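# Report on the structure
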Amino acid sequence: MFDTIMLLTMCMLSISIVIALYRVIKGPSIHDRILALDSIGYIVIGIVAVLSIMLDSHAYLETILLIGILAFLSTVALSKYMEGGVVIERKSDD
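Summarised in this report is the structure supplied together with it. Worth saying up front: this structure is predicted, and the values here are computed from it rather than measured.

### Things to note about the environment of A59
- Residue placement: A59 occurs in the loop between α2 (30-55) and α3 (61-84).
- Between the alpha carbons of A59 and I30 there is a distance of 36 Å; along the sequence they are 29 residues apart.

Structure (structure tokens):
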């Protein structure tokens, strides 16, 4: 029963990735696309977490942390780029 629920959860998360990919491709604005990419990152975290539970392994926990950090940083970088056109501001020596 537990394996069936975990498999159903993996299927639902996979369907949600497909829906988010549709939003990335056909999003009405760039901001919607950025949020959809962020959602895909967190859905992947959910898939890895369910896989870790199914395999009864703690080996994937570092992967979850790494994906979370990368998803957050990419969202911040894309948002900053959309706001001002640059990600890293450099001070000039004027």
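We are not done yet, so read on.
### Examining the packing of α2 against α3
- Where α2 meets α3, the axes come as close as 9 Å, and the angle between the chain directions of the two elements is 175°. Considering their axes alone, α2 and α3 lie roughly antiparallel with respect to each other. Taken together, the residues of α3 that come into contact with α2 (itself represented by I30, H31, I34, L37, D38, G41, Y42, V44, I45, V48, A49 and S52) are L61, I64, I67, G68, A71, F72, T75, L78, S79 and M82.
- Residue composition of the contact of α2 with α3, grouped by class: 15 nonpolar, 6 polar and 1 charged.

Calculation criteria
Residues numbered from 1 in each chain as written. Predicted model: local features only at pLDDT ≥ 70, side-chain atom pairs only at ≥ 80, totals over all residues. Heavy atoms only, no water. Helix = DSSP H or I, 4+ residues; strand = E, 2+ residues; numbered from the N terminus. Axes fitted to C-alpha atoms, helices over the stretch in contact; angles between N-to-C directions. Parallel < 35°, antiparallel > 145°, perpendicular 65-115°, else oblique. Contact = heavy atoms within 4.5 Å. Nonpolar A, V, L, I, M, F, W, Y, C, P; charged D, E, K, R; others polar.

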